[in-house]
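Residue strings, one per chain:
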Amino acid sequence: MDIKQLAQTLHPLERKVLPLVEKHPSLEELVKQTGLSEVEVMRALQWLQNKGVLEIKEKRSEAVLLDTNGKQYLEEGLPEKRFLKAVDKSTLTIDEILKKTGLAKDELNSCLGILKGKAAIDLKKDGKLRISITDNGKKLLKKESFEEQFLKKDFPADISALKDEERFALENLRKRKGLVKTETIKEKSASLTELGRKLAGQDIGSDAEDSLTSGMLKTGSWKGKNFRRYDISINVPRISGGKRHFVKDAIDYVRKIWLELGFEEMTGPLVQTSFWTFDALFTAQDHPARDLQDTFFIKNPAKGKLPDKKIVDAVRKTHEDGWTTGSKGWQYSWDPEDARLNAARTHTTMLSALALAKLKPEDLPKKYFSVGRCFRNETLDYCHLFEFNQVEGIVVDENINFRNLLGYLKQFFSKLGYPKARFRPAYFPYTEPSVEIDVFHPVHKEWMELGGAGIFRPEVVKPLLGRDIPVAAWGPGFGRSIMEYYGITDIRDLYRNDLRQIRDMKIWMR
Amino acid sequence: MPTVTFNKDVFEKLVGKKLPLNQLKDRISMLGTDLEGIEGNEITVEIFPDRPDMLSEQGFARAFSSFIGVNTGLAGFDVKKSGTHVKVEKTLKIWPHVVTAIVKGLKFDDEKVREMIQLQEKLGVTLCRDRKKGGIGIYPLDKVSPPVIFTTEKPEKIRFRPLEFPRELTGRQILSQHPTGRKYADIMADQDEFPIFVDSKGIIMSMPPIINSHDVGKITSDTRDVFIEATGPHLNTLLVALNIIVTSMADMGGKIFSLDIIRGKEKMTTPDLSPSTMKLSLEYANNRLGLELKQNEIKKLLEKMGYSYSKGEVLVPAYRADVIHPCDLVEDLAIAYGYENFKEEIPSVSTIGSEEPFTVFRRKVSGILVGLGLIELNTYHLTDRESQCSRMQADMDMVELSNALTAEYSSLRTWMIPSILKVMADNKHNEYPQKIFDIGTIFKKSIGTETGIEENERLAVGITSENADFTGIKQILDYLIRMLDLEYEIQPVEHPSFIPGRVGRVTVNKKKVAYIGEISPQVLSAWDLQMPVSCFELNLTDLFNAV
């Protein structure tokens, strides 16, 4: 940019400040000379610096200031002076001096020390201590000490600019409590660069218009006018808008994957009886998952109702001896009261059980999915939450098989950003074969466990559906993939609702 | 799930083959155990609860050796008659069953004693469900004089020195003073008599399933022959537990002997290690897996998993607890085939995807609010009474958890505005104005549902700034309802959480759907908020039904 163009970019504030910089480099002076506020001058200087016109310099210096006592003594006089004044005309006892001067006891004691040291007073013991002034004292009273002179200075005072006697006085004052303090003073000033000196030499009084107005457009007065050039590289204040929560954004994407694959959504209550959460899924009543330390049970209402007797009977018999499923069952006596216990759902697989129970043979084939909140009895910490989201899916079809199950899973995780997946044997009470999915972390170069799946056991399917046909099912969590994507390391951030974090979080771009 | 640690050298010796480390790691994972890690000479694995037989180093090595093709097929175990018996005199109704075995010629050392105790403990925790389904005891045979009697006795008459305890205790004292006694006290606490094992000399051997006698029920590195018992309410569990222990000991070099268990006129002989038979149809297996395996392939694969197979019949080893349906055999087929060898395939099941209409509605509502510059939240359903009621100057009937870990999250929320205020209280350091909303579930007691709880989806919107007021919040409500092509009315109402005269009830199609207003200063100071807040809470379920 040549110097003329540069001159045209100048903002009115810059125009005001620039010509004064050479003569009045300090910020303080520039504020005085321009009549602008300090913020305005600073902005102008900042802009000019961005354009390479000047350099802002900051000088740090040690300065001395009066502290509370110092300010008080400046008005009332130093205690030792007030002491001398009190005894100037007559000999007094300590109590009388205290009364006359209004000094505090510790102030008076330090005066005694100082004045005795300077031989300014005489002490006589006559029952009580009596104090009188000496000739030396009288001289001192008349003369203004270095310390007193120092207190009258303009503060803050630059320490490096002090004269010798001032330094001496400062040393003495520092020994006393609360008289002076030192501070680091930052003084800003600007100095023109070579470019700046050239520019300042130019005629920068510009005829450029600062902004285009509707009036100009109406009257056509814009014709022939120049508009001030902007420095378009300049930073602008940040704004932020309305926003979906980043977790919900990710959830919507997960839902979209299943919709695209032709799945139908299922939803259901967050609190369910243990019948649906466990029994219908062939989870034995003494299974550890039903323990208090894993599941949140409800205090009141503690129990709910069991569904249709036909289903309950089929489930009971299946648990007890396998019913007609071809299984041996768990070989115990099933208790309907355990099945009535209400619990916050620990997985969304019970939605699949509910869906199976509602299906009629003519509805097949069916594919269902859900994404929903689940609960687990955990203490909150950086990697554990008591609420989390689970993705659920089932495919109910005569011809569905294990390879198909793996196919869906592979597709899902690939769409979630993990094209490389591996499958390992696993155990879940309600699937057989069961499979655990690991995905390969593209950055950390290691396998990451993301969730479980399998083919529902006949002991699950037949009591609910009336016959045993293969049902491929999966229920991985995806909190870890969400954290991954957003670069979150503390899982609690998913529910922290820090507005700044939500405002600044990047958008889910899948 | 239980984690067990094995000695790698011993393991490799038992397996009969040494694999390179990475191959070893891979094969362990692909057998169906979660490998925690291999460090130095220690292999740590998590055993899935369906395979208690792999909790012992011998059982694990047996399965592994077969899986990698070294020693495949059904493992045979010799059982000889011991010539002695166990007499069952009296049993408790809650603790009726007993099974026993003798194993001789063991060469224990400290390491093996530790292993046996680990196995016994892990079986007690997993297969026996923390001893609720049964307990296991092992005794040095030379300290016991057979025949052994299983009976019951009044707790005060039971006196012996429990394992690792300095002195004798009575039955009751064991439950209150011995650490193991205290841990399992619940199982026997209500009983008038406790089960005991007594030998022919009248010496009390143990008080199952709680603790053995220190004098006659402690195995050491000098022990060569052992007597093993398992007692409890669930016979199948006991049989499997016993089989797992004796087969592990046999793999250690011991010889198994059976005993007759005589109860009046009934007689049962344990252990019985003869395999059970299960039918497996070729078609069923292939359909489930999506493979086209032939008879001989199935045979080979099943043998890799420790079974034997002949013409549709599978012999299942007596230590397998989990094979209760042919689908369990199908899984083992899949494992033997190798999960990594399956070709994934998305089938052509033609169905049409569809969302729940309410989900669409909810997303539209979020979209409208985001368009107004509001930020969506993601809040918990769990909260506490203080946030929901006392801070809100309100009193409501809440759905509470029976086993919450912390008071802070002990109830399910009954309304949403407290969730909004909590977020505002957590964000006082952040930039104002704050305009936020969340959609979530609320819980109320109700007799009309299966659980006795009614769940509703609610929307809560809150704005807070120096000049957040009724107008500002009503504008948002007004815009939202207009965009949904609905009409609403607001009637003045009293609500303890809002400033009197600045709170209204919103109706749509005569249905009460929302409260709207300015939050009262009492409520704000209870939340330690220093900015005015106005908000509304809208029943989305009802509004949806009105659309």
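Because the structure is predicted, anything quoted here is derived from the model rather than measured. Counting restarts for each chain: residues are numbered from 1 in the order of the written sequence. Each chain takes a letter, starting from A, and each ligand takes a number, starting from 1, following the order in which they are written. Given that the model is predicted, a residue must reach a pLDDT of at least 70 before its local features are reported, and side-chain atom pairs must reach 80 or more before they are shown or counted; all residues, however, enter totals for whole chains, interfaces and linings. Only heavy atoms go into the side-chain values, all of them from the structure, while hydrogens and water stay out.

A. Inspection of the sheet that holds strand 1 (residues 3-7) of chain B at higher detail. All names here are of chain B. Judged by pairing direction, the sheet is antiparallel, and its three strands sit side by side in the order 1-3-2 without closing on themselves. Bordering the open sheet on either side are strand 1 and strand 2 (34-39), each of which pairs with just one other strand. Across the sheet, the axes of successive neighbouring strands diverge by a mean angle of 20°, strand direction being ignored. The sheet contacts of helix 1 (residues 8-15) involve strand 1, strand 2 and strand 3 (42-46), and relative to strand 1 the element is tilted by about 80°. Note on pairing: DSSP must find at least two bridges between two strands before they are called paired. A run of H or I in DSSP becomes a helix once it reaches four residues, and a run of E becomes a strand once it reaches two; helices and strands are each numbered from the N terminus. Lines fitted to C-alpha atoms define the axes, with helix axes restricted to the stretch in contact, and inter-axis angles between N-to-C directions lie between 0 and 180 degrees. Contacts were defined at the residue level, with two residues in contact if any of their heavy atoms lie within 4.5 Å.

B. Representation of the environment of L329(B). All names here are of chain B. For L329, the position within the fold is in helix 11 (residues 326-337). Once the C-alpha coordinates of L329 and V79 are considered, the two residues, 250 residues apart in sequence, prove to be 26 Å apart. With residues near it in sequence (within four places) discarded, L329 still touches M278, L280, L302, Y307, V314, V316 and V323.

C. Looking closely at empty space enclosed by the protein. All names here are of chain B. Cavity: a set of points on a 1 Å grid over the protein atoms alone where a 1.4 Å probe fits but cannot get out. Pocket: an open set with protein on both sides within 12 Å along at least five of seven lines, its lining residues, like those of a cavity, having an atom within 4 Å of a point. Grid points are joined across faces, edges and corners, and a volume is the space filled by probe spheres set on the points. What the rule picks out here adds up to five cavities of 30 Å³ or more. In this structure, the largest cavity occupies an estimated 100 Å³ of space. A total of four residues in the lining of the largest cavity trace back to one element, the largest contributor, which is helix 11. Following the grouping adopted for this structure description, the nonpolar residues are Ala, Val, Leu, Ile, Met, Phe, Trp, Tyr, Cys and Pro, the charged ones are Asp, Glu, Lys and Arg, and the polar ones are all others, Gly among them. When grouped by side-chain class, the residues that make up the lining of the largest cavity number six nonpolar, one polar and eight charged. Approximately 70 Å³ is the volume found for the second largest cavity. Around the second largest cavity sit Q120, E121, G124, V125, R131, G135, I136 and Y184, which together line it. Counting only elements with at least two residues in the lining of the second largest cavity, the list comes to helix 4 (110-125) and strand 6 (135-140). With four residues, the top contributor of residues to the lining of the second largest cavity is helix 4. Of the residues belonging to the lining of the second largest cavity, the class tally is three nonpolar, three polar and two charged.

D. Structural detail: the packing of helix 12 (residues 357-371) of chain B against helix 15 (residues 470-483) of chain B. Residues and elements named next belong to chain B. Following both chains from N to C, one finds helix 12 and helix 15 inclined at 135°, their axes separated by 10 Å at the closest point. In terms of orientation, helix 12 and helix 15 fall into the oblique class. Crossing of helix 12 over helix 15 shows right-handed handedness. Residues V365, I368 and L369 of helix 12 form the contact with helix 15, whose participating residues are I476, Y479, L480 and M483. Of the residues belonging to the contact of helix 12 with helix 15, the class tally is seven nonpolar, no polar and no charged. Convention used here: angles under 35 degrees read as roughly parallel, angles over 145 as roughly antiparallel, angles from 65 to 115 as roughly perpendicular, and any remaining angle as oblique. With the far helix as reference, a near helix turned anticlockwise by less than a right angle produces a left-handed crossing, and one turned clockwise produces a right-handed crossing.

E. Structural detail: the interface of chain B and chain A. Facing 88 residues of chain B, the contacting portion of chain A comprises 98 residues. Across the chain B/chain A interface, buried area totals approximately 7800 Å², and carbon plus sulfur atoms make up 54% of it. Ranking the residues of chain B by area buried against chain A places R288(B), N378(B) and Y380(B) at the top, with a combined share of 11%. One speaks of a salt bridge when a side-chain nitrogen belonging to Lys or Arg is within 4 Å of a carboxyl oxygen belonging to Asp or Glu. Linking chain B with chain A are 11 salt bridges. Two residues, R403(A) and E345(B), come together in a salt bridge whose shortest N-O distance is 3.8 Å. Grouping the amino acids of the side of chain B that touches chain A by side-chain chemistry returns 41 nonpolar, 27 polar and 20 charged. Buried area is calculated as the accessible area (1.4 Å probe) missing from two parts once they are joined, with the contributions of both summed.

F. Seen up close, unusual backbone geometry. Geometrically, the link from L364(A) to P365(A) is a cis peptide bond, its omega value of -5° lying close to zero. If you trace the backbone, P365(A) turns up in the loop between helix 18 (349-358) and strand 11 (366-375). Across the junction of P146(B) and P147(B), the peptide omega takes the value -5°, indicating a cis bond. Along the chain, P147(B) falls in the loop between strand 6 and strand 7 (148-153). In this model, E164(B) sits at a positive phi of 55°, which is unusual for a non-glycine residue. Tracing the sequence through the fold places E164(B) in the loop between strand 8 (159-160) and strand 9 (169-170). With a relative accessible area of 53%, E164(B) lands in the exposed category. Buried, partly exposed and exposed residues are distinguished by accessible area as a fraction of the type maximum, computed with a 1.4 Å probe on protein chains only: under 20%, between the cut-offs, and over 50%, respectively.

G. Seen up close, the packing of aromatic side chains. All names here are of chain A. Stacked, edge-to-face and tilted are the three classes for Phe, Tyr and Trp ring pairs, Trp counted by its six-membered ring, which pair at centre distances within 6.5 Å; planes under 30 degrees apart are stacked, over 60 edge-to-face, the rest tilted. Evaluated as defined, the whole model comprises 36 aromatic pairs over all chains. Relative to W334, the ring of F275 has its centre 6.4 Å away and its plane inclined at 80°; by these criteria the two rings are edge-to-face. Placement of F275 in helix 15 (residues 274-277) and of W334 in the loop between helix 16 (309-321) and helix 17 (336-340) is noted, with a sequence separation of 59 residues between them. The exposure classification of F275 matches that of W334, with both residues buried. Taken together, W258, F263, Y408, F412, F413 and W474 form an aromatic cluster joined through their ring pairs. Directly above the aromatic system of W323 lies the positively charged group of K462, at a separation of 5.7 Å from the ring centroid. Two thresholds decide whether a charge sits over a ring: the Lys NZ or Arg CZ must be within 6 Å of the ring centre and within 35 degrees of the ring normal.

H. Broad picture of the sheet that holds strand 22 (residues 411-412) of chain B. Across the sheet, four strands lie side by side as 9(A)-21(B)-22(B)-20(B); this open sheet has antiparallel pairing. Strand pairing shows two members of the sheet lacking a second neighbour, strand 9 (298-300) of chain A together with strand 20 (382-383) of chain B, which therefore form its edges. Pairing between strand 9 of chain A and strand 21 (residues 399-401) of chain B: two bridges, direction antiparallel. Directly across from N300(A), in strand 21 of chain B, lies its bridge partner E400(B).

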